[in-house]
Amino acid sequence: MSLTSISAQTSQPDLIIGIVGLGLIGGCLAIDCKRLGYTVYGVARRPATTAAAVEQGMVDQAGCDLALMAKADLVFVCTPMALIVPTVHQLVEHLPESTIVTDVGSVKGEVVAAATTAWPNFVGGHPMAGKAESGLAAAEAGLFRDRPYVVTPIETTKQVALDQVVAIATQLGSKIYTSTPAAHDRAVAAISHLPVMVSSSLLHTCLSESDFQVKVLAQQLASSGFCDTSRVGGGNPELGAMMAQFNRAALLQSLQQYRHQLDTVINLIDAEEWDVLKQRLTVAQQERPKYL
């Protein structure tokens, strides 16, 4: 179930790109698509957001009405995970049949199935890039460059739609991969969603220290190692909760596997099996570069 690289031809800059959801990812997409020469239309819930996007030159037109997307050839749905499928259902009322719709959500299984049923020209997508900050104000150019961009076609996905999404992602400078939705969800459970839960649990472990002086000392002594390990645990709580909700089965499997690994380490330390522990740490050291 490993991901496979794919290539695509360059798309045409006369396309109109629509973006629903002008947060961090939507804003970054808008900036990059504008720089590539595309006409970009944006939709957001708040008039202040749409006004800012137009004033800053991120989009050509913006508003709060999905009817604006009727002019777009390709629409990126950049809403929170829970709103992707409802947004696709709402878009159906406004789009011509030729319009391609894709999303940027970090879970693909149920989303791709439901969205494709609602709109046959749908392509599941996941640009794996982000920042600690959120919102349109945090958007910047080049966020997707040299980062993975996974597309998750299913049997009914139209090739022309897939090719167009891949072409845009290629122009963004992303590394393109294709995967089934199920394989994608298992992979991101292990390397993206599990780390959020592990990192959060590390922070809660430190918070649970009963000796106040020890807790304060730990906070004072925490340095780069703790910073690196706890970083994703300090991210957006709403996003973390949605990862668990929408990728529940795969995340539970990863958490159970991780618990088994922790039990193994506990047993080795309890039994003072230092040579075996060192060997285990050596394997981890050798394998880590494959994930970077």
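Definitions and limits used
Residues numbered from 1 in each chain as written. Predicted model: local features only at pLDDT ≥ 70, side-chain atom pairs only at ≥ 80, totals over all residues. Heavy atoms only, no water. UniProt positions renumbered as here; feature names shortened; annotations may be inferred. Disulfide = S-S within 2.5 Å. Buried < 20%, exposed > 50% of the residue type's maximum accessible area, 1.4 Å probe, protein only. Pairing = 2+ DSSP bridges. Helix = DSSP H or I, 4+ residues; strand = E, 2+ residues; numbered from the N terminus. Arc of directions from axis to C-beta. Right-handed = clockwise from strand over helix to strand, strands pointing away. Contact = heavy atoms within 4.5 Å. Core = buried A, V, L, I, M, F, W, Y, C linked by side-chain atoms within 4.5 Å.

In the nomenclature of an unreviewed UniProt entry, the chain corresponds to Prephenate/arogenate dehydrogenase from the organism Adonisia turfae CCMR0081. One UniProt comment on the chain, placed under Sequence similarities (unreviewed entry), says "Belongs to the prephenate/arogenate dehydrogenase family."

S.K.: Talk me through the state of the cysteines; I want residue IDs and the actual numbers.
M.R.: Counting across every chain of the model gives zero disulfides. Between Cys64, a cysteine without a disulfide, and Cys78, which holds the nearest cysteine sulfur, the sulfur-to-sulfur distance is 16 Å. On the basis of relative accessible area, Cys64 is assigned to the partly exposed category, the value being 41%. The cysteine Cys206 is free of any disulfide, with Cys227 supplying the nearest cysteine sulfur at 13 Å.

S.K.: Can you explain the sheet that holds strand β5 (residues 74–77)? Please cite residues and give values.
M.R.: With parallel pairing, the six strands of this open sheet are ordered in space as β4-β3-β2-β5-β6-β7. Either end of the sheet is taken by a strand with one partner, and the two such strands are β4 (61–63) and β7 (122–123). As paired strands, strand β6 (residues 100–103) and β7 are joined by two bridges and run parallel to one another. Along β7, the bridge assignment pairs Val101 with Phe122.

S.K.: Describe helix α3 (residues 84–91), listing the residues and the values that go with them.
M.R.: Among all positions in α3, only Ile84, Val85, Thr87, Val88 and Leu91 are buried. All buried residues of α3 project into a common sector of 160° when viewed along the axis, lining one side.

S.K.: Which residues make up the pairing of strand β2 (residues 16–20), and what values do they have?
M.R.: Of all five residues in β2, five are buried, a share of seventy percent or more. Burial of the side chains of β2 extends over both faces: Ile16, Gly18 and Val20 are buried on one face and Ile17 and Ile19 on the other. As judged from the five bridges shared by β2 and strand β3 (residues 39–43), these two strands associate in the parallel manner. From the neighbouring strand, Val20 faces β3, where its bridge partner is Val43. After leaving β2, the chain enters helix α1 (residues 24–35) and then returns to the sheet as β3, a path that is right-handed.

S.K.: So, the side chain of Ser199: which residues are in play, and what are the values?
M.R.: Within the secondary structure, Ser199 sits in helix α6 (residues 181–207). Among the residues examined, Ser199 registers a relative accessible area of 2% and is labelled buried. Ignoring anything within four residues of it in the chain, the contact list for Ser199 reads Thr229, Ser230, Arg231, Val232 and Gly233.

S.K.: Which residues make up the environment of Lys108, and what are the values?
M.R.: Within the secondary structure, Lys108 is located in the loop between β6 and α4 (109–118). The spacing of Lys108 and Leu217 is 109 residues in sequence and 43 Å in space, taken between C-alpha atoms.

S.K.: Before we move on, can you summarise the nonpolar core with the specific residues and values?
M.R.: Counting residues in hydrophobic clusters, the biggest one holds 40 residues, and the most contacted among them are Ile17, Ile19, Leu29, Val40, Met58, Phe76 and Phe144. When residues of this core are traced back to their parent elements, those giving at least two are β2, α1, α2 (47–55), β5, β9 (148–151) and α5 (159–171). In terms of nonpolar packing, the next biggest core, distinct from the first, is built from 25 residues, Leu95, Val101, Ala118 and Trp119 among them.

S.K.: I'd like a description of unusual backbone geometry, backed by residues and values.
M.R.: In this structure, Asp146 is a non-glycine residue whose phi angle is positive, near 65°. Locating Asp146 in the fold gives a position in the loop between β8 (125–127) and β9. The backbone of Glu272 shows a phi angle near 55°, a positive value even though the residue is not glycine.

S.K.: Would you mind going over the pairing of β3 in detail, with residue names and values included?
M.R.: Taking burial as the measure, the five residues of β3 include four buried ones, the bulk of the element. For β3 and β4, the ladder comprises three bridges, and the chain directions are parallel. In the sheet register, Gly42 faces β4, and the bridge partner there is Ala62. In the classification by handedness, the crossover that spans β3, the intervening α2 and the parallel β4 is right-handed.

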